[in-house]
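# Report on the structure
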Amino acid sequence: MTNYDARGERATRDVVSRGIYAEMRAGRTGPMGGVYIQMSHLGPEKVAKTFPGMVNRCSDCGFDLAGGRVEVVPTAHYLMGGVEFNVDCSTASPGLFAAGEDCGGVHGANRLGGNGVANSTVFGGIAGDAMADYVPGVRQWKEPDRRVIERGIERAEYPFSKPAGAIHELRDALAQTMWDDVGVLRHDAAMRRGLESVASHHRALMAIGVPDGDRRYNVTWHDWLNLQSLVDMSRVITVSALAREDSRGAHFREDFPETGDLHSSRYTRVSADGDDLRLEMVPVKFDIVRPGTSLISGEAGQPPKVAA
Ligand SMILES: Cc1cc2nc3c(=O)[nH]c(=O)nc-3n(C[C@H](O)[C@H](O)[C@H](O)COP(=O)(O)OP(=O)(O)OC[C@H]3O[C@@H](n4cnc5c(N)ncnc54)[C@H](O)[C@@H]3O)c2cc1C
């Protein structure tokens with residue numbers, strides 16, 4: 001890792017992922033296509049004591065994390081984007097509150113370790129309080145919009161109108177497209193190819209369905225609906241990544257490796273407009289901390305400086 005960052009394997013996870021991916025792409029891998037992590041120089045007992053969960057999990061699978069080497073690869077295990085929400089967890093739809101990994105903006109471009117669960121618990125609590133405050137103030141409940149409900153039922157029933165097909169193969173194909181073309185290291189040509197492949201996976205999905213039958217506990221049906229959401233989200237991710245011609249956190253473009261000016265940072269807002277996607281670059285408002293400053297003493301290379 002020191003070939004990639006002076007902090008070695010203690011660099012942030014986006015940097016470590018890119019380092020691992022670069023090694024994999026250069027063909028310098030272990031037998032299963034990954035690279036090795038080795039912690040034994042810290043002392044196996046200390047490793048076992050400090051990281052008991054990981055050590056036990058590896059041991060369950062026959063690997064010795066404390067004393068030996070374990071082959072690892074980067075993987076997508078968090079979505080930094082999500083629903084746009086306010087600090088009280090309200091959203092642009094009155095009455096809809098959102099919290100946790102479904103929401104975008106909490107972590108910026110790179111989620112640091114441990115902050116996923118912290119986000120969900122902190123904002124989950126805030127959302128609960130905000131909803132409890134909101135309900136007594138509602139003077140008149142709205143009638144549900146029948147057209148929206150009908151459209152929801154139509155969408156959910158769609159797979160029963162098509163011949164059953166290989167959903168899981170399609171899911172694997174989508175994952176492969178996103179890994180190869182919109183993954184750890186991105187560039188324009190690959191993402192354009194990825195966008196076409198995602199469109200083709202969408203067409204393939206709409207041509208297949210699930211066997212007609214019981215709607216209760218029908219996991220295959222859920223898999224189909226989940227895959228439709230995954231295809232939609234893959235399209236949003238690809239369109240956003242293509243539009244952002246800089247590199248920030250987990251979004252790294254080989255054709256635009258520079259971070260760009262942080263003070264004029266913008267975030268990407270994508271909304272559905274029928275079958276089309278509308279994309280806007282929205283200026284980031286730095287309310288508390290500005291780029292180059294930190295609330296933590298000695299961080300960001302400067303003494304703490306809080307914006308007025
Ligand atoms: C492999 C892995 C390792 C991670 N490690 C860490 C870590 O070390 N530290 C850390 O802080 N974070 C970690 N994270 C991230 C963290 O676990 C998640 O961000 C966090 O758990 C998300 O919580 P949530 O409540 O927002 O969402 P979720 O935990 O995803 O909860 C959403 C719930 O909604 C349910 N649901 C979905 N659709 C419907 C529906 N239609 N109707 C009803 N229910 C529905 C789901 O079943 C689920 O129970 C890790 C994630 C992964 C995948």
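Reference entry: report on the structure contained in this document.

## Structural notes on the site of the ligand
Taken together, His-77, Tyr-78, Gly-100, Glu-101, Arg-111, Gly-114, Asn-115, Gly-116, Val-117 and Ser-120 are the residues near the ligand. Contact between the ligand and Gly-116: an oxygen atom at 3.1 Å from a main-chain N or O atom of the residue. In this structure, an oxygen atom belonging to the ligand sits 2.8 Å away from a main-chain N or O atom of Val-117. By residue class, the composition of the shell around the ligand is 2 nonpolar, 6 polar and 2 charged.

## Focus: the pairing of strand E3 (residues 266–273)
As paired elements, E3 and strand E4 (residues 276–283) share 8 bridges and run antiparallel to each other. Looking across to E4, one finds that Asp-273 is bridged to Asp-276. Hairpin connection of E3 to E4: 2 residues between the antiparallel strands, including Gly-274 at a positive phi of 65°.

## Things to note about the pattern of salt bridges
Within this structure, the stated rule accounts for 17 salt bridges. Measuring nitrogen to oxygen at the nearest pair gives 2.7 Å for the salt bridge that ties Arg-193 to Asp-181. Within this pair, whereas Arg-193 is found in helix H7 (residues 188–207), its partner Asp-181 is found in helix H6 (residues 167–181), the two being separated by 12 residues in sequence. Given the relative accessible area of 48%, Arg-193 is considered partly exposed. Taking the relative accessible area as the measure of exposure, Asp-181 reaches 6% and is therefore buried. Each of the salt bridges in this network shares a partner with another, and the network as a whole consists of Glu-84, Arg-269, Arg-278 and Glu-280.

## Quick notes on the nonpolar core
Generally speaking, soluble globular proteins have nonpolar side chains that are buried together. Counting residues in each nonpolar core, the largest one holds 19 residues, and the members touching the most others are Leu-205, Trp-224 and Leu-227. For this core, the elements supplying multiple residues, two or more each, are H6, H7 and helix H8 (219–243). Of the residues forming this core, the biggest block, 7 residues, is contributed by H8. Those residues in contact with Leu-205, other than ones at most four positions away along the chain, are Leu-170, Trp-224, Leu-227, Gln-228 and Val-231. Residues Phe-85, Cys-103, Ala-127 and Ala-130 belong to the second largest nonpolar core, which totals 8 residues.

## Some thoughts on the side chain of His-201
Counting through the fold element by element, His-201 comes out in helix H7. Side chain to side chain, His-201 and Thr-177 meet in a polar contact 2.8 Å long. Apart from residues no more than four positions distant in its own chain, His-201 is found in contact with Leu-170, Ala-173, Leu-174 and Thr-177.

## Let's talk about the packing of aromatic side chains
Counted by the stated rule, this structure contains 5 aromatic pairs. Measuring from centroid to centroid gives 5.4 Å for Phe-97 and Tyr-134, while their planes differ by 70°, and the two rings are edge-to-face. Here Phe-97 is found in the loop between strand E2 (69–72) and helix H4 (115–134), whereas its partner Tyr-134 is found in helix H4, with 37 residues between them in sequence. Exposure remark for Phe-97: the relative accessible area of 16% places this residue in the buried category. Between Phe-160 and Trp-221, the aromatic rings sit 5.0 Å apart at their centres with planes inclined by 55°, giving tilted as the arrangement. With Phe-160 in the loop between helix H5 (146–157) and H6 and Trp-221 in helix H8, the pair connects residues that are 61 residues apart, well separated along the chain. A relative accessible area of 11% means that Phe-160 is categorised as buried. Trp-221 sits in the buried class, given a relative accessible area of 11%.

Rules of the game
Residues numbered from 1 in each chain as written. Predicted model: local features only at pLDDT ≥ 70, side-chain atom pairs only at ≥ 80, totals over all residues. Heavy atoms only, no water. Near = heavy atom within 4 Å. Polar contact = N/O pair within 3.5 Å; in protein donor to acceptor, adjacent residues only side chain to side chain. Nonpolar A, V, L, I, M, F, W, Y, C, P; charged D, E, K, R; others polar. Pairing = 2+ DSSP bridges. Helix = DSSP H or I, 4+ residues; strand = E, 2+ residues; numbered from the N terminus. Salt bridge = Lys/Arg side-chain N within 4 Å of Asp/Glu carboxyl O. Buried < 20%, exposed > 50% of the residue type's maximum accessible area, 1.4 Å probe, protein only. Core = buried A, V, L, I, M, F, W, Y, C linked by side-chain atoms within 4.5 Å. Contact = heavy atoms within 4.5 Å. Phe/Tyr/Trp six-rings, centres within 6.5 Å; stacked < 30°, edge-to-face > 60°.

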